[in-house]
Amino acid sequence: MCAIPAARHCVDRETKRDEMIATTILIAEDHTLVRAGIRALLEKLDDLQVIGDVSDGLEAVQFCAQHPPDVLLMDISMPGLNGLEATQRIMAAQPAIRILILSMYANEAYMNQAMASGAAGYLLKGATTDEFKLAITTVRKGDTYLTPATTKYLLDCRRQGVDPEDGPLAKLSSRQREVLQLIAEGHSAKEIAARLDLSVRTVETHRAQLMGKLDIHDVAGLVRLAVRTGLVSVES
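The rules behind these values
Here the residue numbers are simple positions, counted from 1 along each chain's written sequence. Residues qualify for local features only when their pLDDT is at least 70, as the model is predicted, and side-chain atom pairs are given and counted only at 80 or more; totals for whole chains, interfaces and linings, by contrast, use all residues. Each side-chain value is derived from all of the structure's non-hydrogen atoms; neither hydrogens nor water enter the calculation. By definition, any uninterrupted DSSP run of H or I lasting at least four residues is a helix, any uninterrupted run of E lasting at least two residues is a strand, and each is numbered from the N terminus. To sort residues, take the accessible area from a 1.4 Å probe on protein chains only and compare it with the maximum for the residue type: under 20% means buried, over 50% means exposed, and anything in between is partly exposed. All accessible areas in this document rest on Shrake-Rupley with a 1.4 Å probe, and a residue is counted as covered only by the protein chains that are shown. For two strands to be treated as a pair, DSSP must find no fewer than two bridges joining them. The criterion used for residue contact is that any of the two residues' heavy atoms lie within 4.5 Å. Between N-to-C directions, angles span 0 to 180 degrees; the directions come from axes that are lines fitted to C-alpha atoms, helices contributing only their stretch in contact. Buried Ala, Val, Leu, Ile, Met, Phe, Trp, Tyr and Cys residues that are joined via side-chain atoms within 4.5 Å together make up what is termed a nonpolar core. Looking down the strands as they point away from the viewer, one classifies a crossover as right-handed if the path from the first strand across the helix to the second runs clockwise. Directions pointing from the helix axis toward each C-beta atom define the arc.

Asker: Break down the overall build of the protein chain for me, citing the residues and quoting the values.
Answerer: A count of helices and strands for the protein chain gives 11 helices and 6 strands. Taken across its 236 residues, the protein chain has 45% of its residues classed as buried. In the structure as shown, the protein chain presents an accessible area of about 12,300 Å², 54% of it carried by carbon and sulfur atoms.

This is the structure we're talking about:
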């Protein structure tokens, strides 16, 4: 008769120990003040532990390889390697990490591209503190979180008979989006080749293919598209 209470107490202790384990968080955001604000917000919330913050997608990939967090808060528009491409790389190597995309855009093809990249959720940067905590808790449990604003957009697209994946970036491969981003950030073909470990000729081929697919015939037009779709920010 004594064994049962002892077992119950043991289970209770294990449950409490599990509840005390904080969810580890990595923040990937290129704007210093925004990154600091997110960190300050998270450090005020119970059961969350920020283990690092980085300023671009490549740093996020490298950090996750050494110190994988439970949840990664990933901005989309970051220099060098954007959040979508970084998400793909991290998910290919460490699928257990739950990635929550942070975006300013509720009506772009990014939402679908983010989920196709392996993200577990999509949250607007204007979300309330309560929604922020809910989104993190939801993806940590293994579920998917889509902010209500993006859900409304999907429903509106469906009512209008529009495919939300028909945006211009949906036409591009992952490599082409990388090249487009670097072009829009002002890098030369030689610099892009060195960064992506490609030949200059290959970069020029990608640029020509981009212009063909997007029906844009100058670099200025590519830059405007990258800004309009949020691939790069005006501040980048």
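Asker: Requested: an account of the sheet that holds strand β5 (residues 121–124), with residues and values cited.
Answerer: Sheet strands pair via backbone hydrogen bonds, and the direction of the pair is either parallel or antiparallel. Read from one edge to the other, the open sheet built from 6 strands follows the order β2-β1-β3-β4-β5-β6, with strand pairing classed as parallel. Edge positions in the sheet fall to β2 (48–54) and β6 (145–146), since each of these pairs with one other strand and no more. As paired elements, strand β4 (residues 98–103) and β5 share 4 bridges and run parallel to each other. Within β5, the position partnered with Leu100 by the bridge is Gly121. Along the sheet, helix α3 (residues 57–66) makes contact with β1 (23–28), β2 and β3 (71–75), crossing β2 at roughly 130°. The strands touched by helix α4 (residues 83–93) are β3 and β4; relative to β3, the strand with the most contacts, the crossing angle is about 155°.

Asker: With reference to specific residues and values, describe the nonpolar core.
Answerer: Membership of the largest hydrophobic core comes to 46 residues, with the highest contact counts inside it found for Leu72, Met74, Ile90, Ile99, Ile101, Tyr122 and Leu180. Ranked by residue count, the leading element in this core is helix α8 (residues 174–184), at 5 residues. One finds Ile27, Val50, Leu100 and Phe132 within the second-largest nonpolar core, a separate group that totals 18 residues.

Asker: Help me get a handle on the pairing of β1, residues and values and all.
Answerer: Burial of β1 is extensive: 6 of the 6 residues sit out of reach of the surface. Bridge count between β1 and β2: 6 bridges; the pairing is parallel. Paired with Thr24 across the bridge in β2 is Gln49. After leaving β1, the chain enters helix α2 (residues 32–42) and then returns to the sheet as β2, a path that is right-handed.

Asker: Got a sec to walk through the pairing of β3? Specific residues and values, please.
Answerer: Successive residues of a regular strand alternate their side chains across the two faces of the sheet. Where burial is concerned, most of β3 is hidden: 5 out of the 5 residues are buried. Burial along β3 is two-sided: Val71, Leu73 and Asp75 facing one way and Leu72 and Met74 facing the other are all buried. As paired elements, β1 and β3 share 4 bridges and run parallel to each other. From the neighbouring strand, Ile25 faces β3, where its bridge partner is Val71. Sheet analysis places β3 next to β4, joined by 5 bridges and oriented parallel.

Asker: Could you give me a rundown of helix α11 (residues 219–228), with the residues and numbers involved?
Answerer: For α11, every residue scored as buried is listed here: Gly221, Leu222, Leu225 and Ala226. Seen along its axis, α11 keeps its buried residues to an arc of 135°; they face one direction. In α11, the exposed positions that point more than 90 degrees away from the buried face belong to Arg224 and Arg228. Lining the buried residues of α11 we find α8 and α10 (200–214). Where α11 ends, the next residue or the one after it, Gly230, has phi of about 85°, a positive value.

Asker: Could you give an account of the environment of Ile136, naming the residues involved and the relevant values?
Answerer: Looking at where Ile136 falls in the secondary structure, it is placed in helix α6 (residues 129–140). Setting aside residues no more than four positions away along its own chain, Ile136 makes contact with Ile25, Leu42, Leu48, Val71, Leu73 and Leu100.

Asker: I'd like a rundown of unusual backbone geometry, residues and numbers included.
Answerer: Residues other than glycine seldom take positive phi values, yet Asp47 does so here, at roughly 65°. Within the element layout of this structure, Asp47 appears in the loop between α2 and β2. Located in the positive-phi region is Asp215, a residue other than glycine, with phi close to 55°. One can find Asp215 in the loop between α10 and α11. Exposure remark for Asp215: the relative accessible area of 58% places this residue in the exposed category.

Asker: Explain the environment of Thr138 to me, and be specific about the residues and the numbers.
Answerer: Secondary-structure assignment places Thr138 in helix α6. Sequence separation between Thr138 and Gly121 is 17 residues, and the spatial gap between their C-alpha atoms is 8.6 Å. Apart from residues lying up to four places away in sequence, Thr138 is in contact with Asp143, Thr144 and Tyr145.

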